[in-house]
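Breakdown of the fold
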Amino acid sequence: MAPKGLSSSSITEGLATSFIGQKVVYYPRLPSTMDTARLEARRGTAEGTVIIAGEQTEGRGRMQRTWLSPSGNIALSIVLYPEIASLPYLVMIASLAVAHSIETVTDLKTRIKWPNDILIGGKKVCGILIENEVKGNKVAYALIGIGINVALKASDVAGISAAATSLKDELDRSVLRANIIRRLLTEFERLYLLLPAGESIYEAWRDSLETLGKRVVVKSGDNVLEGIAESVDESGALVLRCVDGSLARVVAGDITLRDN
Ligand code: BTN
C-alpha cells in the first residue's frame, strides 16, 4: 500500500505541545532537513520549529555517512536554542522520545544502542544526528535530526538488511507517520522542559541502553578499543573497561557488540 501523505497540518492540528512542533514546515523532497533547519535557525525561527521532508536526496548520518531517506520514511529536524549546559542531554532526550513514540504507537519493544541508535530486535530502525552551532559559551542553535525507517524494506537495500529494520518490516502493516511524529514531539517537549535538571533524563537513557555490561568494540575516529561497556556518564560518554584493565572514556564513536 502507498504510504499515507504527510502534511504540516497533520502534525500541528491539536498537537498538545506549547512550542515543539507548533511550527512545522513540510517539503515533499529536500536534500537534507538539516540544511533547511539551519537556514531557519539562522533566520531566528521560533524554537521548536520542525522541518519535515517526504524524502531526502542527500540525507546524512553520523561520521559523514549517507542516510537513506526514501519516501514513506520519517526525516525531520527540530530547531532548538538551548543553554550550553543542556547540550549533552539532547541526544538522550531525542533517543528516549523516539523510543517512546515507537513503543506507544506500535507496541514494538525498542532498545537504545549507545549513543543514539534505536533498535528493534537488535536492528537499527532510527538514527539521530545532532548539529550544534556554539559561539563562545553560547549556543546559537542546535538541530536535532531524526530519521526513522517506516516503510523501507531493509531486505531490498544491498548491504543493510543484516543491521537495519523498519516498522513495516517488523509489523507487516503500515503505520501512520503522523501518529509517530506527534507522539515523538510531545514526548520530546516533556523531556526538554525537565531541563536544566537532567538527572532523571540521564538515568532513563542509561537504563534503556542495550550496550551496558556487554563486550564491545568501539571505533572512535582512527582508534579502535575493545572491552566491556561498563557505564555511561552524565555527559553521555561511554566508560569502557579495556582488555588491559584500564578505563577509557569515549565521547563519540560507533559500537559493535562482540560475541563473548
Ligand atoms: C545516524 O544514525 O548516523 C544518524 C542519521 C540521521 C538521519 C536524519 S534524517 C533527518 C535528518 N536529515 C539528515 O540529513 N539526517 C538526519
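Not measured: the values here are computed from a predicted model.

Taken in spatial order, the 7 strands make up an open sheet running S1-S2-S3-S7-S6-S5-S4, and their pairing is mixed. Each edge of the open sheet carries a strand with a single partner, namely strand S1 (24-30) and strand S4 (111-113). Sheet twist, expressed as the average angle between the axes of neighbouring strands with direction ignored, equals 20°. Across the sheet, helix H2 (residues 33-42) lies against S1, strand S2 (50-56), strand S3 (74-80), strand S6 (123-135) and strand S7 (138-148), angled at about 150° from S7, the strand it touches most.

Our focus in this paragraph is the domain arrangement of the chain. Examined at the domain level, the chain breaks down into domain 1 (8-207) and domain 2 (215-258). With 14 residues of domain 1 at the contact, the number on the domain 2 side is 14 residues. Buried surface at the junction of domain 1 and domain 2, summed over both partners, amounts to about 1,100 Å²; 59% is from carbon and sulfur atoms. The three residues of domain 1 that bury the most area against domain 2 are Met63, Trp114 and Tyr202, which together make up 53% of that side's buried surface. Taken together, domain 1 and domain 2 are joined by 2 salt bridges. Ionic pairing is found between Arg62 and Asp254, a salt bridge with its closest N-O pair at 3.3 Å. Elements with a minimum of two residues in the side of domain 1 that touches domain 2: helix H3 (87-106) and helix H6 (199-208). No other element matches H6, which puts 4 residues into the side of domain 1 that touches domain 2. Here the residues of the side of domain 1 that touches domain 2 sort into 8 nonpolar, 1 polar and 5 charged.

Reading guide: rules and limits
Residues numbered from 1 in each chain as written. Predicted model: local features only at pLDDT ≥ 70, side-chain atom pairs only at ≥ 80, totals over all residues. Heavy atoms only, no water. Pairing = 2+ DSSP bridges. Helix = DSSP H or I, 4+ residues; strand = E, 2+ residues; numbered from the N terminus. Axes fitted to C-alpha atoms, helices over the stretch in contact; angles between N-to-C directions. Contact = heavy atoms within 4.5 Å. Domains from an automatic or database assignment. Buried area = accessible area lost by both parts, 1.4 Å probe. Salt bridge = Lys/Arg side-chain N within 4 Å of Asp/Glu carboxyl O. Nonpolar A, V, L, I, M, F, W, Y, C, P; charged D, E, K, R; others polar.

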